Amino acid sequence: YSQDPLQELSMSIKATIRQQPELLEIVTGCETENRYHVFTTLNNGTEKYLFKCKEESTCFQRQCCPSDTREFNMRIKHISSQVDFQGGFENYYATFVKPFKCTCCCLARPSIVGLLHSNNQPFGEVTELCTCCNPIFEVRNGGMLKYTITIDCCQCGFCCRKSCGKLNYVEAQIHNGNEEGPIVGNIIKRAAQNMMEMIGDADTYDINFPKDASPEEKFTLIMAGLFLDYRYYETNASDDKQERDKYRRR
């Protein structure tokens, strides 16, 4: 296995993000720190374990802050051997940082930034735009807009995501440049496959990379998949109250 995850991403055509089910969260209803496992499919069809990811956040924000406001750091550890898998997160490769934002319409939009641990420099950023219906995310590398991710909010798996929508997949389309650009890839949230996924919020995402994406851009799209999960599929009591208030105003 390569010691450089970017080298492996250069040969990747797809990534799969699997959230680890948390029994304590299912039993108590209290949000716990999330863990994810990222696999990559190489251009020869081989699937390899690439990253394991661990959230670091405060209990107060997990229980009380809505997903657009909530702050967290996600440690990303590259898995190149069985020893890496069994160890902790002392030697992590990168951090996904979602800062606290007092979001209000177009003000202080939710965003997430990826930082390499070796130099603490950002390699990519994802920002959710202010929209009335369909969610739109901008993906930037080096400050330049590379991709735009759009989600059709009329999909059952999205609009009914807390009930029957769990039995349906959701597709987010990756556009080259802005949202008017050609579709060059997608992010698929899989339908729930078992009872644990039905009663909990552990989800699985497939990211089909654009053919000409650089390793850094692919890494940023993996971050975008995690960000999408937090924004729309990791809800707490505060999010539920916002949903109820929104429908009362209609």
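Residues numbered from 1 in each chain as written. Predicted model: local features only at pLDDT ≥ 70, side-chain atom pairs only at ≥ 80, totals over all residues. Heavy atoms only, no water.

Caption draft 1: Inspection of the overall build of the protein chain at higher detail. Summing up its helical and strand segments, the protein chain has eight helices and 12 strands in all. Its C-alpha atoms give the protein chain a radius of gyration of 17 Å, near enough to 18 Å, the size a compact globule of 250 residues would have. Across its three principal axes, the protein chain shows a C-alpha extent of roughly 55 × 45 × 35 Å. Evaluated residue by residue, the protein chain yields a buried proportion of 53% over its 250 residues. Within the protein chain, contacts between residues at least 6 apart in sequence are counted, and of these 52% link residues at least 24 apart. Carbon and sulfur atoms make up 54% of the accessible area of the protein chain, which totals about 12,100 Å². Of the charged side chains in the protein chain, 29 are positive and 33 negative, and the gap between their average positions amounts to 3 Å. (Helix = DSSP H or I, 4+ residues; strand = E, 2+ residues; numbered from the N terminus. Rg over C-alpha atoms; globule rule 2.2 N^0.38 Å. Buried < 20%, exposed > 50% of the residue type's maximum accessible area, 1.4 Å probe, protein only. Contact = heavy atoms within 4.5 Å. Areas by Shrake-Rupley, 256 points an atom, 1.4 Å probe, with all protein chains shown as cover. Lys, Arg positive; Asp, Glu negative; His and termini not counted. Charge placed at Lys NZ, Arg CZ, Asp CG, Glu CD.)

Caption draft 2: Inspection of the side chain of Glu 234 at higher detail. Among the structural elements, Glu 234 can be located in the loop between α7 (215-232) and α8 (237-249). Within the buried set, Glu 234 has no salt-bridge partner at all; the shortest N-O distance to an opposite charge, 5.0 Å, is to Arg 70. Side-chain polar atoms of Glu 234 contact the side chain of Asn 34, separated by 3.1 Å. (Salt bridge = Lys/Arg side-chain N within 4 Å of Asp/Glu carboxyl O. Polar contact = N/O pair within 3.5 Å; in protein donor to acceptor, adjacent residues only side chain to side chain.)

Caption draft 3: A nonpolar patch on the surface, seen in detail. Nonpolar side chains collect at one region of the surface, where Leu 23, Val 27, Met 195, Met 196 and Ile 199 lie side by side and expose about 530 Å² of accessible area between them. Looking at the nonpolar patch, the elements with two or more residues in it are α2 (23-28) and α6 (195-199). (Patch = residues over 30% accessible without salt bridge, like charges linked within 9 Å, V, L, I, M, F, W, Y side chains within 5 Å.)

Caption draft 4: Molecular detail of the pairing of strand β12 (residues 204-208). Judged by how many residues are buried, β12 sits mostly within the fold: four of five residues are covered. Judged from the five bridges that link them, strand β1 (residues 12-19) and β12 form a sheet pairing that is antiparallel. Directly across from Thr 16, in β12, lies its bridge partner Asp 206. Relative to β12, strand β11 (residues 183-189) is paired through four bridges, and the arrangement is antiparallel. (Pairing = 2+ DSSP bridges.)

Caption draft 5: Broad picture of the sheet that holds strand β9 (residues 144-151). Ordered by their spatial adjacency, 12 strands build a closed barrel running β1-β2-β3-β4-β5-β6-β7-β8-β9-β10-β11-β12, and the pairing between neighbours is antiparallel. Neighbour to neighbour, the strand axes of the sheet diverge by 20° on average, direction disregarded. Sheet analysis places strand β3 (residues 47-56) next to strand β4 (residues 72-78), joined by six bridges and oriented antiparallel. Residue pairing in the sheet places Glu 55 in a bridge with Met 74 of β4. Against the sheet, α7 makes contact with β1, β2 (35-42), β3, β4, β5 (94-98), β6 (111-116), β7 (122-128), β8 (136-141), β9, β10 (170-176), β11 and β12, and its axis sits at roughly 35° relative to β7, the strand it touches most. (Axes fitted to C-alpha atoms, helices over the stretch in contact; angles between N-to-C directions.)

Caption draft 6: Examining the packing of aromatic side chains more closely. One pass over the full model with this rule turns up 12 aromatic pairs. Look at Tyr 93 and Phe 219: their rings are 5.9 Å apart centre to centre, the planes differ by 40°, and that puts the pair in the tilted class. With Tyr 93 in the loop between α4 (82-86) and β5 and Phe 219 in helix α7, this pair connects stretches of sequence that are 126 residues apart. Residues Tyr 93 and Phe 219 agree in their burial class; the two are buried. Taken together, Phe 51, Tyr 93, Phe 96, Phe 123 and Phe 219 form an aromatic cluster joined through their ring pairs. Sitting over the ring of Tyr 92, Arg 75 keeps its end group 4.4 Å from the ring centre. Of note, Arg 231 hangs over the ring of Tyr 232, and the distance from its end group to the ring centre comes to 5.0 Å. (Phe/Tyr/Trp six-rings, centres within 6.5 Å; stacked < 30°, edge-to-face > 60°. Lys NZ or Arg CZ within 6 Å of the ring centre and 35° of its normal.)

Caption draft 7: Highlighting the pairing of β10. Relative to β10, β9 is paired through five bridges, and the arrangement is antiparallel. Paired with Thr 148 across the two strands is His 175, which belongs to β10. Relative to β11, β10 is paired through six bridges, and the arrangement is antiparallel. For Ile 174, the partnering residue across the bridge sits in β11 and is Gly 185. In sequence, β10 turns back onto β11 through a hairpin of six residues, with Gly 177 there showing a positive phi of about 75°.

Caption draft 8: The pattern of salt bridges, seen in detail. Under the criterion given, the structure shown has 10 salt bridges. Residue Glu 33 pairs with Arg 62 through a salt bridge whose shortest N-O separation is 3.8 Å. Here Glu 33, found in the loop between α2 and β2, pairs with Arg 62, found in helix α3 (residues 59-64); they are 29 residues apart in sequence, far enough to count as distant. Among the residues examined, Glu 33 registers a relative accessible area of 31% and is labelled partly exposed. One salt bridge in this structure joins Glu 55 and Arg 70, with 2.5 Å as the shortest N-O distance. With Glu 55 in strand β3 and Arg 70 in the loop between α3 and β4, this residue pair connects regions lying 15 residues apart in the sequence. Arg 70 carries the same exposure label as Glu 55, and that label is buried. Linked through salt bridges whose partners overlap, the residues forming this network are Lys 14, Arg 190 and Asp 206.

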